[in-house]
Each structure stands twice: as C-alpha cells, then as structure tokens.
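Below are the chains, spelled out letter by letter.
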Amino acid sequence: MRLSVQLHSPLVLALVLAAALPGMALAVPAALPAGHDSLEQRIKACTSCHAQKERHDAFFPRIAGKPAGYLYNQLLNFREGRRQYPMMNYMVEHLPDDYLREIADYFAAQHPAPPPAQPSSAGTTALARGKQLVLQGDSAKKIPACIACHGQQLAGVAPAIPGLLGLPRDYINAQLGAWKNGIRRAHAPDCMAQVAQRLSDADVGAVSAWLGTQVASADARPASSITLPLPLHCGGVPGSTAQVAP
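Report follows, based on the coordinates. (Residues numbered from 1 in each chain as written. Predicted model: local features only at pLDDT ≥ 70, side-chain atom pairs only at ≥ 80, totals over all residues. Heavy atoms only, no water.)

1. Digging into unusual backbone geometry
And then number 1: Omega for the bond connecting A158 with P159 falls within 30 degrees of zero, at 10 degrees, which places this linkage in the cis form.
And then number 2: Here P159 lies in the loop between α8 (147–150) and α9 (169–180).
And then number 3: The omega torsion of the bond from L228 to P229 falls at 0 degrees, within 30 degrees of zero and hence cis.
And then number 4: Despite not being glycine, K142 has its phi angle at roughly 55 degrees, a positive value.
And then number 5: Of note, K142 is situated in the loop between α7 (124–135) and α8.
And then number 6: One non-glycine residue, L154, lies in positive phi territory at about 55 degrees.
And then number 7: Residue placement: L154 occurs in the loop between α8 and α9.
And then number 8: Classification of L154 by relative accessible area gives buried; the value is 5%. (Helix = DSSP H or I, 4+ residues; strand = E, 2+ residues; numbered from the N terminus. Buried < 20%, exposed > 50% of the residue type's maximum accessible area, 1.4 Å probe, protein only.)

Rendered as structure tokens:
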C-alpha cells in the first residue's frame, strides 16, 4: 500500500489527512456520486503497489488470493509495529479493525492468473536443497517442511496461513532474512522466527530460489483445513499447538 496521487476517494483522503494532522476532524461528504465511494475506489492506495499484474517486486508481493485471516493479521502487524515498512505503517496507523478486515476480505476474494516461474541462476545443488526443505524439511536441524504448514499445494490454509507460490523470489528471501534478524515479527509464539533462525543463509537462498521456479496451478486456492497439531505452535494460527518442542 502506498500513499500516492491515486487517492481519489474522499474517505481515504480524509483518513490520510487525519493521520497527518491528528487534531483535524474526519469529515466525509454526506453525498457522493454513485460508485465513487466503492471499495475499489478506496483501496487504490493498495492496488497502486499490490496490483494484480505480477511484477516480481521484492517490496510489493502479490496479496490477491491470500487467506483473509492472514492478510488481516499482517495489517495488524503493520499497524502495531511488529512489521516495519514505513509506507505500510503510515497507511494503516489510524485505520480501525473493521476497515482492515474489509480490505483483507476484498483481496482474499481475488484470484488472478498465477504468475510465470522466475528464472534462477542457482545451481542444481542449491535448488535440490531448497526443494528438500520445502517438501521434506530437515529433521537434524529441526526445520519442518514448508508444506507441513503452508499446504500440500503451497497455496496456504484458511484462515491464517499464506501461500508461498507466486511470491517474488527476492521477497521470500528478504522476509526470511527479516525474521532471522528480528526485523519482522508476528503474534507470539512466532513460529516463522524459530524456523528462520534454524536456516543458514545458504538455506534461505535455496528455499527462495526453488519456490521462485514453481508455478501454482490456475485453480489453486487456500486449503480449508490442515492436519493438526502443526510442527510448531504459531501464535497467528487459530488452534495450532506445538507438535515438537521448539
């Protein structure tokens, strides 16, 4: 989500001005032309960066089709400072829970065609290691397989686990690095932070490289359920409990 000149909606403009000037009253025109205050108009600040057209952008991942609970949790994380990206933090700082849920529900219902695979310069050894970690994990390092939580199709699991396919390789690499370095956080217990700490830098590169070469099927959707308990207790996933000691 980016503050841009595309903020056509009086509601969004008023919200942004209220964020910039806390003492300013929030005033929305009582009467608007038909369709002018539609949700599509109000989220242009989001779609100017998170457009449906895939750009393989490390900073602006595809959010369409992600489970609504996951998207809502991330908006909360940005609003409450667990995730740090200035434009996102600023955009959601003063938005109420109900409005964040509405945004999350909107994008969760969008299912554009999957993006093409990204070419990779990683060698066969690195790609094989990435595939192993994604599909099998590494028991010696207590690293669960990605599919154990993100679903057999890596399309995510409703309501709160995201899909991994279709994300830019550099974005995946950057987010795993952010978890390793404590820059990105989630509701405690933060299972992804635990996994990232067990990954070497080479492992991070291998996972992101292999995932980038994969393409989701056109009809892939987040699974409705997954086998519980999960390998690790994840605070952002309702009903998850630890299967093994962290």
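2. Notes on the packing of aromatic side chains
And then number 1: As enumerated under the stated definition, the model contains three aromatic pairs in all.
And then number 2: When the centroid spacing of 5.2 Å and the interplanar angle of 90 degrees are considered together, the rings of Y106 and F107 count as edge-to-face. Grouping residues by exposure puts Y106 and F107 together as buried.
And then number 3: Taken together, the ring pairs in this structure connect F59, F60 and Y85 into an aromatic cluster.
And then number 4: Positioned above the aromatic ring of Y72, the side-chain terminus of R101 is 4.0 Å from the ring centre. (Phe/Tyr/Trp six-rings, centres within 6.5 Å; stacked < 30°, edge-to-face > 60°. Lys NZ or Arg CZ within 6 Å of the ring centre and 35° of its normal.)

3. Notes on helix α4 (residues 68–79)
And then number 1: Spanning 12 residues, α4 covers 16 Å between terminal C-alpha atoms, matching the ideal 16 Å at 1.5 Å per step.
And then number 2: In terms of burial, α4 is a largely internal element, nine of the 12 residues being buried.
And then number 3: Those residues of α4 not exposed but buried are Y70, L71, Y72, N73, Q74, L75, L76, N77 and F78.
And then number 4: Those residues of α4 hidden inside the fold are in contact with α5 (86–92) and α6 (97–108).
And then number 5: Of the residues one or two after α4, G81 is the one with positive phi, at around 90 degrees. (Expected span 1.5 Å × (residues − 1). Contact = heavy atoms within 4.5 Å.)

4. Side note on the pattern of salt bridges
And then number 1: Across all of its chains, the model carries eight salt bridges by this definition.
And then number 2: For R129, the salt bridge identified is with D203, shortest N-O distance 2.9 Å. Residue R129 is located in helix α7, and its partner D203 is located in helix α11 (residues 201–212); the two are separated by 74 residues in the primary sequence.
And then number 3: Assessed through its relative accessible area of 5%, D203 is described here as buried.
And then number 4: Between R169 and D170 there is a salt bridge, and its shortest N-O distance comes to 3.9 Å.
And then number 5: Residues joined by salt bridges that share partners form a network here, namely R79, E80, R82 and D97. (Salt bridge = Lys/Arg side-chain N within 4 Å of Asp/Glu carboxyl O.)

As far as function goes, none of this settles anything; it's purely spatial.
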